[in-house]
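Each chain is listed here by its residues.
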Amino acid sequence: MPSPGHSPRDLPADLAFGRCLLRPAARQLLVDGRPVAVGARAFDLLLALVERRERVVGKDELLDLVWPGVVVEENNLQVHVAALRKHLGAGAIATVSGRGYRFAAELLPAAAPPAPPAAATPLAGPAPAAPLFGREHDLQTLDYLLQAHRLVNIVGAGGIGKTVLARAVATRQAGRFAQGMRFVDLSPLARDPDVAPALDAALAAGADAGLLLVLDNCEHRARAVAAWAAQALPARAGLRLLATSQEPLRLPEEQVYRVTALALPAGPGLAAARAASAVRLFEARARAADSAFVLGEDQVALVVSICRQLDGVALAIELAAARVPHLGLQGLHDRLHQRLRLLATAARDVPPRQRSLAAALGWSHALLSDAEQKVLRRLAVMAGPFSPASAQAVAAGDGLDGGTVLDALGSLVERSLVVAEAAAAGVEPRLRLLETVRQFARERLAEAGEEAGCRQRHLHRMVALAEQAAAALAGPAPGAALARLDAERDNLLAALASSAQGPDGVVPGLRLLVALHRWGLHREGLAPARTACAAMLAHADAAGQGALFGRALWVLAEWGVALGEFDAATPGLERCAAEALACGDAVLQVQAQISLVAALAQQGRQAEARRLHEQALAAARGLAQWPALRIAATLAQADLEIASGRTDAARPLYEEALRLARAGGDRLATLGPLLGLARLAPGAAPASAPLRAQWLQEAQALAETLDSAPARRLVAAACPASPGV
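Residues numbered from 1 in each chain as written. Predicted model: local features only at pLDDT ≥ 70, side-chain atom pairs only at ≥ 80, totals over all residues. Heavy atoms only, no water.

## A short note on helix H30 (residues 626-643)
Let me state the cut-off plainly: In DSSP terms, a helix is any run of H or I states spanning at least four residues, a strand is any run of E spanning at least two, and both are numbered starting from the N terminus. For a helix, the expected span equals 1.5 Å multiplied by the residue count minus one. Any residue under 20% of the maximum accessible area for its type is buried, any over 50% is exposed, and the rest in between are partly exposed; the area is computed with a 1.4 Å probe on protein chains only. Contacts are assigned to residue pairs with any non-hydrogen atoms lying within 4.5 Å of each other.
A rise of 1.5 Å per residue sets the reference length of H30, with its 18 residues, at 26 Å; its end C-alpha atoms lie 25 Å apart and thus fit the reference within 8%. Among the residues of H30, Trp626, Leu629, Ile631, Ala633, Thr634, Leu635, Ala636, Ala638, Leu640 and Glu641 are the ones counted as buried. In this structure, the buried residues of H30 make contact with helix H28 (586-602), helix H29 (606-620), helix H31 (647-663) and helix H32 (671-680). Following H30 by one or two positions, Gly645 has its phi on the positive side, about 80 degrees.

Have a look at this one:
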């Protein structure tokens, strides 16, 4: 009997989400087509959340709605939410920490009750195939696979274009089969038991004489489809199956063909853009929405950027292009951070799950297990490509162990929600989220109240990687360590940017900055990271962090010196030396003074720099770290002599620094003296020409090994008139 406290208000007769069908007027909930028993209060709670699905509903408001006039404990609400989640799936009702609950499933009107299983599949062939862009190779490969295999499964992410491709292939192949082909859309089937009757009805008679059966949208009924195919293929020799799914059916005879995103431009300009299938699709759909649309040179950069941000996903591009008449290209581009709400269509001939990006992702998300949903949303904190080990470090915890994370990760890759990038032999594979999937996962992460914990684990993972690499950078083979850091570049920069807000304070961020010292000297494009680090240092407690704070100051200033920003770096180095003196870190004080010598010399303050250098040398000689400090001190003195116009005095200093670096096995440290000697060589005696060529070649080889753009520029500046060096 309906509860007296609540009645549905202005809801459609039937509403579908995930595996569920909600009938408010009849007060009925169906899961996989079967009614499930929920209590009156739980049903009232579900209705209240569905009606207010556009916002978070506070706990007090829900208590008033579901238990009007009755004083109840808050844990009653928690119990009913937990009961509903068992039927709806964990992701349907989101907990927003400290605020309340929100209905998070993608809700779609269900125009009519599910048709009987046998009537759920049209027996006619597919509708005329839509124009394809950039799928010529896919078509040719699928033609071959269908001739060689009896079960071919087109697998890919939601919205990637699997159905359109299957229609095109089926149309091309139909003439090879005596009975032609038939097309079955499995998405309306709400229960596994409905699959076999529907597919048997689609076969009808004559399959042994040759029939191509297209099974579209298998992912939500994959087990039932696989069970049916395992029996049907041996029994019907003339049967061929072409399936589309977000995951493999896992049958021995199955040939999986993974569909990738549409191609993005390989170069700049209008010609390169129009050669890319993603741009051609956008242009065609934008022109269909507005016949006046013309893609010209002045617009191509915006269109390419839109297609790139949408990762070349066909559904996203089509929905975006349809918005051009209303928003314009610039308006569309500027709103893509809201793509999950922005990109939708009201077209009635489009399946509900494809009417918006949110609906397409909601369909895929509803098919995941609880563990898979947790891993997917936790991966939202990753920026750019990441390794399986990093995914495990970030997603494990709070109820998930490392093994479960790896299992879920494999399933997400199979379902194309996580992209596995090709890796060379012996190299750990790299994974990534498409940006649209990341935005969807980030919303789920915030709803689950897990973002702070995930970001903390992400930061600690990056600190561990950077500190491990930092030790290798001081050795004879720094290239591998630099490559590992390069692979994590986006994640390292994201960790630096968010480190000041972490629950552990600034300590992990300071450790990360210090560990990235040498990497930052050889990598460009770190301006956002430097800004974030400066903000972090501004909020840090210098007294509380001691030497770690001072060392972070030194690293940030060193990056500035490497970029030639001597005036801006000087105050930071002076403060670093003062902090080192205050906390008794003699090594850091000498390092700051040596760096300051180079900065002062370049500002024309040679006398001041010379006094400071003598002071630093006197302090350094008494330290256990003198051998390592001696290289930097010798280089600083050589640079000071150059700035003072004393090139003859600089040459032996560069030679000494080079000898020390080689003796210590520190290959990175050889670059500075090599370049210094190369700069001096043109003014030396002709007999030194062979040595100069050797120094330049060694410096150039090292710059290439390190893939260091700053080093390449210094090499080029040292030998502008030396072709072939």
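Once you've had a look at it, read on.
## What to know about the packing of helix H9 (residues 277-289) against helix H12 (residues 324-334)
Let me state the cut-off plainly: Axis definition: a line fitted to C-alpha atoms, limited for helices to the stretch in contact. Angles are taken between N-to-C directions and run from 0 to 180 degrees. Convention used here: angles under 35 degrees read as roughly parallel, angles over 145 as roughly antiparallel, angles from 65 to 115 as roughly perpendicular, and any remaining angle as oblique. Amino acids are sorted into nonpolar (Ala, Val, Leu, Ile, Met, Phe, Trp, Tyr, Cys and Pro), charged (Asp, Glu, Lys and Arg) and polar (every other residue, Gly among them).
Closest axis-to-axis distance for the H9/H12 pair is 11 Å, and the angle between their directions is 140 degrees. As summarised for this structure, H9 and H12 are arranged oblique, according to the angle between their axes. Residues Phe282, Ala286 and Ala289 of H9 form the contact with H12, whose own contacting residues are Val324, Pro325, Leu329 and Leu332. Classifying every residue of the contact of H9 with H12 gives seven nonpolar, no polar and no charged.

## Some points on the confidence of the model for the protein chain
Let me state the cut-off plainly: Per-residue confidence from the predictor is reported as pLDDT, a score between 0 and 100.
Counting all residues, the mean pLDDT for the protein chain is 84, and 89% of those residues have values of 70 or more. The lowest-confidence element of the protein chain is strand S8 (residues 108-109), averaging 56 in pLDDT; the highest-confidence one is strand S9 (residues 151-155), averaging 96. Low pLDDT (under 50) marks residues 1-7, which in the prediction has 16 contacts with non-local residues, meaning those over four places away or in another chain. Low confidence marks residues 110-128, where pLDDT is under 50. Its contacts with residues over four positions away, or in another chain, come to 32 contacts.

## Digging into unusual backbone geometry
Despite not being glycine, Arg250 shows a phi value in the positive range, around 65 degrees. Among the structural elements, Arg250 can be located in the loop between strand S12 (239-245) and strand S13 (254-258). Taking relative accessible area as the criterion, Arg250 reaches 49% and is therefore assigned partly exposed. Unlike most non-glycine residues, Asp311 shows phi in positive territory, near 60 degrees.

## Details of the packing of aromatic side chains
Applied cut-off: Ring geometry is summarised as follows: Phe, Tyr and Trp rings, the Trp one being its six-membered ring, pair when their centres sit within 6.5 Å, and such pairs are stacked at plane angles under 30 degrees, edge-to-face over 60 and tilted between the two. Two limits define a charge over a ring: the Lys NZ or Arg CZ must be within 6 Å of the ring centre, and within 35 degrees of the ring normal.
Inspection of every chain in the model, using the stated rule, returns one aromatic pair. The lysine or arginine in question, Arg167, covers the ring of Phe183, its NZ or CZ lying 4.3 Å from the ring centre. The side chain of Arg444 reaches across the aromatic face of Phe440, ending 4.4 Å from its centre.

## Focus on the packing of H9 against helix H10 (residues 297-309)
Here is the rule: Put simply, a crossing is left-handed when the front helix is turned counterclockwise from the back one by less than a right angle, and right-handed when it is turned clockwise.
Between H9 and H10, the shortest axis-to-axis distance is 10 Å and the interhelical angle comes to 110 degrees. Comparing their axes, H10 and H9 come out roughly perpendicular. In the crossing of H9 with H10, the sense of the turn from one axis to the other is right-handed. Of the residues in H10, those in contact with Ala278, Val279 and Phe282 of H9 are Val303, Val304, Ile306 and Cys307.

## Let's talk about the pairing of strand S2 (residues 20-23)
Put simply, the rule is: Should DSSP find at least two bridges between two strands, the strands are taken to pair.
Residues of S2 alternate between two faces, with Cys20 and Leu22 on one and Leu21 and Arg23 on the opposite face, all of them buried. Where strand S1 (residues 15-17) lies against S2, three bridges are found, and the strand directions are antiparallel. Paired with Phe17 across the two strands is Cys20, which belongs to S2. The turn linking S1 back onto S2 is made up of two residues, and Gly18 within it adopts a positive phi angle of 55 degrees. Note: S2 against strand S3 (residues 28-31), four bridges, orientation antiparallel. Bridge assignment links Cys20 to a residue of S3, and that residue is Val31.

## What to know about the sheet that holds S9
Consider a sheet: its strands pair through backbone hydrogen bonds, and that pairing is either parallel or antiparallel. A sheet is described by the order of its strands in space; here five strands give the open sequence S10-S11-S12-S9-S13, paired in parallel fashion. Each having just a single partner strand, strand S10 (181-185) and S13 make up the two edges of the open sheet. Taken pair by pair, the neighbouring strands of this sheet meet at an average axis angle of 20 degrees, ignoring direction. Of the strand pairs in this sheet, strand S11 (residues 211-216) and S12 are connected by five bridges, and their pairing is parallel. Pairing of Leu211 across the sheet is with Leu239, part of S12. Relative to the sheet, helix H4 (residues 136-148) contacts S9, S11, S12 and S13, its axis offset from that of S13 by approximately 180 degrees.

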